[in-house]
Amino acid sequence: LPLGMGSAWLIFVFVGIPQPAGADDSRITSLVEDMGKDLVCSACAYSAKSLRGLLAKHVKPKMKRKEKAKKAQDAIQKACSNDRWPAQLAEYGDTGKRRYEDFQELIKAGGSISNLNMSPGNRDKVTNVCVALLDMFKNTLVEKAASYDERVGGYNWERLLCVKSANLCTEAVFQPWDDDEEESDEEGRGDDEL
C-alpha cells in the first residue's frame, strides 16, 4: 500500500547470527547463539540417533496407528536422557566444523585430534538441544512414526529433524543417506544383486 494512504512501513534489520529457518523457538535460537550452529547440528544428530534407536525398539510396522503414536510419544520422552550420550563426549574440530564425538571412538580412529574439549558439560549441552528440538518438533515426529508403514529404524530421522524440520544441518551426520536414495537403491536392485 502506498504511504499516502496512511499505511505504516516497518523495516526490520536483523544483525547477528541468522536464525535457522525451521527453528522459530527462542530456545533453539539461543542455543545456536551460545554454542554455534555447528555444535547444535551435531547435538541434533545425537538427538535423532537416540530417538531412532528407541523408536526402532518400540514401534513395530504391524502396530495400529494409535499405538505407534503412543509408543513414539514415549520414545520422545526418553530420547533426551543424559545417559543416552557417550560417557566421554568430546567436542572437537575448528570453529564452524566442530562436532560432538565419543572420545573412545576418536581414540580408536587414531590420528591427531585438534581443538579437543572434554568438558563434562558437553553431555548437558546435547541434552538441552535434544529437549528443545524434540519438544518443538514432537508433533511432526509422532505423526511420521505413526504413519510410517515400514521399520521406523530404517527411516532417516536425522534428516527429518536436523536437515528438513530444524534446518540446523546441511546433511545428516550419522545417517548420511537420503530417503529418496534408499527407495531408488531398493528399486534398482535386480534379483542377481541380492
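Going by the structure above, here's the rest.
Read on for a plain summary of the structure. (Residues numbered from 1 in each chain as written. Predicted model: local features only at pLDDT ≥ 70, side-chain atom pairs only at ≥ 80, totals over all residues. Heavy atoms only, no water.)

Turning our eyes to something else, we now look at the side chain of Glu158. Along the chain, Glu158 falls in helix 7 (residues 157–165). Comment: no salt bridge for buried Glu158; closest opposite-charge side chain is Arg52, at 7.4 Å. In contact with Glu158, other than residues within four places in its own chain, are Ala45, Ala48, Val163, Ala172, Val173, Phe174 and Gln175. (Helix = DSSP H or I, 4+ residues; strand = E, 2+ residues; numbered from the N terminus. Buried < 20%, exposed > 50% of the residue type's maximum accessible area, 1.4 Å probe, protein only. Lys, Arg positive; Asp, Glu negative; His and termini not counted. Salt bridge = Lys/Arg side-chain N within 4 Å of Asp/Glu carboxyl O. Contact = heavy atoms within 4.5 Å.)

For the rest of this paragraph, the subject is the packing of aromatic side chains. Considering all chains together, one arrives at four aromatic pairs under this definition. Here Tyr46 and Phe174 contribute two aromatic rings whose centre-to-centre distance is 4.9 Å and whose plane-to-plane angle is 75 degrees, an arrangement assigned as edge-to-face. Within this pair, whereas Tyr46 is found in helix 2 (residues 37–58), its partner Phe174 is found in the loop between helix 7 and helix 8 (179–188), the two being separated by 128 residues in sequence. For Phe174, a relative accessible area of 25% puts it in the partly exposed group. On the basis of an interplanar angle of 70 degrees and a centroid distance of 4.8 Å, the ring pair of Tyr155 and Trp157 is categorised as edge-to-face. Accessibility expressed as a relative area gives 6% for Tyr155, which makes it buried. In textbook terms, an aromatic cluster arises when at least three aromatic residues are bridged by ring pairs, as seen for Tyr46, Trp85 and Phe174. Between Lys49 and the ring centre of Phe174, over which it is positioned, the NZ or CZ distance is 4.4 Å. (Phe/Tyr/Trp six-rings, centres within 6.5 Å; stacked < 30°, edge-to-face > 60°. Lys NZ or Arg CZ within 6 Å of the ring centre and 35° of its normal.)

Let us now look at the pattern of salt bridges. Throughout the structure, instances matching the rule amount to seven salt bridges. Residue Arg98 is joined to Glu91 by a salt bridge in which the shortest nitrogen-to-oxygen separation is 3.8 Å. In terms of burial, Arg98 and Glu91 fall into one category: buried. Through salt bridges with shared partners, a single ionic network connects Asp38, Glu91 and Arg98.

Bridge count for strand 1 (residues 89–92) against strand 2 (residues 99–102) is four bridges, and the pairing is antiparallel. Opposite Tyr92, over in strand 2, you have Arg99 as the bridge partner. Count of turn residues in the strand 1/strand 2 antiparallel hairpin: six residues, of which Gly93 carries a positive phi of about 110 degrees. (Pairing = 2+ DSSP bridges.)

Counting residues in hydrophobic clusters, the biggest one holds 47 residues, and the most contacted among them are Leu55, Leu133, Leu134, Leu161 and Leu168. For this core, the elements supplying multiple residues, two or more each, are helix 1 (26–35), helix 2, helix 3 (65–79), helix 5 (121–136), helix 6 (138–147) and helix 7. Tallying contributions element by element places helix 2 first for this core, with ten residues. (Core = buried A, V, L, I, M, F, W, Y, C linked by side-chain atoms within 4.5 Å.)

Let us look at helix 3. With 15 residues, helix 3 should cover 21 Å at 1.5 Å per step; its first-to-last C-alpha distance of 21 Å lies within 8% of that length. Where helix 3 is concerned, the buried positions are Lys68, Ala69, Ala72, Ala75, Ile76 and Ala79. Down the axis, helix 3 shows its buried residues gathered within 125 degrees of arc, on one side only. Across from the buried face of helix 3, at angles greater than 90 degrees, the exposed residues are Lys66 and Gln77. Packed against the buried residues of helix 3 are helix 2, helix 5 and helix 6. (Expected span 1.5 Å × (residues − 1). Arc of directions from axis to C-beta.)

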